[in-house]
Amino acid sequence: MRALGYQRYRATGTAMAEFPVMLWFLLVIILFPMINLSTVCLRSYFLYQACHNAAVAASKATSFETSFAPNVSSKDSANQIATEIAAKWSGVHLTSVTTQLVTTDINTLVETVSNTRLALPPNVAANNYHVRVTVTGTVDPLLIFNLGILGGIPGLTSPIALTMNDQNFVENTQGLVR
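What counts, and at which threshold
- Residues numbered from 1 in each chain as written.
- Predicted model: local features only at pLDDT ≥ 70, side-chain atom pairs only at ≥ 80, totals over all residues.
- Heavy atoms only, no water.
- Helix = DSSP H or I, 4+ residues; strand = E, 2+ residues; numbered from the N terminus.
- Buried < 20%, exposed > 50% of the residue type's maximum accessible area, 1.4 Å probe, protein only.
- Contact = heavy atoms within 4.5 Å.
- Areas by Shrake-Rupley, 256 points an atom, 1.4 Å probe, with all protein chains shown as cover.
- Salt bridge = Lys/Arg side-chain N within 4 Å of Asp/Glu carboxyl O.
- Pairing = 2+ DSSP bridges.
- Axes fitted to C-alpha atoms, helices over the stretch in contact; angles between N-to-C directions.
- Phe/Tyr/Trp six-rings, centres within 6.5 Å; stacked < 30°, edge-to-face > 60°.
- Expected span 1.5 Å × (residues − 1).
- Arc of directions from axis to C-beta.

## Description of the overall build of the chain
And step 1. A count of helical and extended segments in the chain gives two helices and four strands.
And step 2. Burial analysis of the chain (178 residues in total) assigns 33% to the buried set.
And step 3. Put simply, 68% of the contacts in the chain that link residues at least 6 apart link residues at least 24 apart.
And step 4. Here the chain displays about 11,300 Å² of accessible surface, and carbon together with sulfur accounts for 63% of that area.

## Things to note about unusual backbone geometry
And step 1. One non-glycine residue with positive phi stands out, namely Leu109, at about 60 degrees.
And step 2. Take Leu109: it is sitting in the loop between strand S1 (92-105) and strand S2 (111-114).
And step 3. Assessed through its relative accessible area of 64%, Leu109 is described here as exposed.

## Some remarks on the pattern of salt bridges
And step 1. Counted under the stated rule, the structure contains three salt bridges.
And step 2. Notably, a salt bridge pairs Glu65 with Arg117, separated by 3.9 Å at the nearest N-O pair. With Glu65 in the loop between helix H1 (14-59) and helix H2 (74-87) and Arg117 in the loop between S2 and strand S3 (127-139), this residue pair connects regions lying 52 residues apart in the sequence.
And step 3. Taking relative accessible area as the criterion, Glu65 reaches 29% and is therefore assigned partly exposed.
And step 4. For Arg132, the salt bridge is made with Glu111, and the minimal N-O distance between the two is 3.5 Å. A residue pair is termed long-range when its members are at least 10 positions apart, and Arg132 in strand S3 and Glu111 in strand S2 qualify at 21 residues.

## As for the sheet that holds S3
And step 1. A sheet is described by the order of its strands in space; here four strands give the open sequence S2-S1-S3-S4, paired in antiparallel fashion. Edge strands, defined here as strands with exactly one partner in the open sheet, are S2 and strand S4 (160-169). The sheet shows a mean angle of 25 degrees between the axes of neighbouring strands, direction not considered.
And step 2. The sheet contact formed by S1 and S2 spans four bridges and is antiparallel. Opposite Thr103, over in S2, you have Thr112 as the bridge partner.
And step 3. Of the strands in this sheet, S1 and S3 are in contact with H2, which crosses S1 at around 145 degrees.

## A look at the side chain of Asn168
And step 1. Structurally, Asn168 can be placed in strand S4.
And step 2. Every residue in contact with Asn168, bar those within four places of it in the chain, is listed here: Ala55, Val56, Ser59, Tyr129, His130 and Val131.

## Structural notes on the packing of aromatic side chains
And step 1. Tallied over the entire structure, the rule returns two aromatic pairs.
And step 2. Taken together, a centroid distance of 6.4 Å and an interplanar angle of 55 degrees make the contact between Tyr45 and Phe46 tilted.
And step 3. Consider the rings of Phe46 and Trp89, whose centres lie 3.8 Å apart with planes at 10 degrees: the pair is stacked. In this pair, Phe46 sits in helix H1 while Trp89 sits in the loop between H2 and S1, placing the two residues 43 residues apart along the sequence.
And step 4. We classify Phe46 as buried; its relative accessible area is 15%.
And step 5. Here a set of aromatic residues connected by ring pairs shows up, and it is made of Tyr45, Phe46 and Trp89.

## What to know about H2
And step 1. The end-to-end C-alpha separation of H2 is 20 Å, in line with the 20 Å expected for 14 residues at 1.5 Å each.
And step 2. Within the span of H2, buried status applies to Ser74, Ser77, Ala78, Ala82, Ile85 and Ala86. Projected onto a plane normal to the axis of H2, the buried residues spread over an arc of 145 degrees and lie on a single side.

And the structure:
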């Protein structure tokens, strides 16, 4: 005889009831944020490529500040290249591009950073000369979550603001006075 109020339940039906909850957990809590993270990382790399290619172009320029036709100055070429590369990718937005001249004393390794050209001709026997390009911009996630419970999380609920810099040796040191 069976006791009153006691029934045996089969254990096979619980997976069917828990599946929608687990699917929601896997997709919303884990998968979508991971897709957003990978998208932000990829777009951050595109922003770095804009910075790096701008620094390479600036280091090859024939002058630092003044553009002479048909040659473009370091500052102008860095702005142009960074803007062109960032415009090729959706979700990558430039805020500013700054080009600086870094002079390193070979003996003391002291760096001097300047936003303007050299006042005196470069002394390549005593100094190394670099062009440093700093790019500030934002990268967007693939999906922006507008859930009130999350608040403001950059990369999940809003774009991430990034600042990247790269520097290269100046190839035409005589142009640093122009």
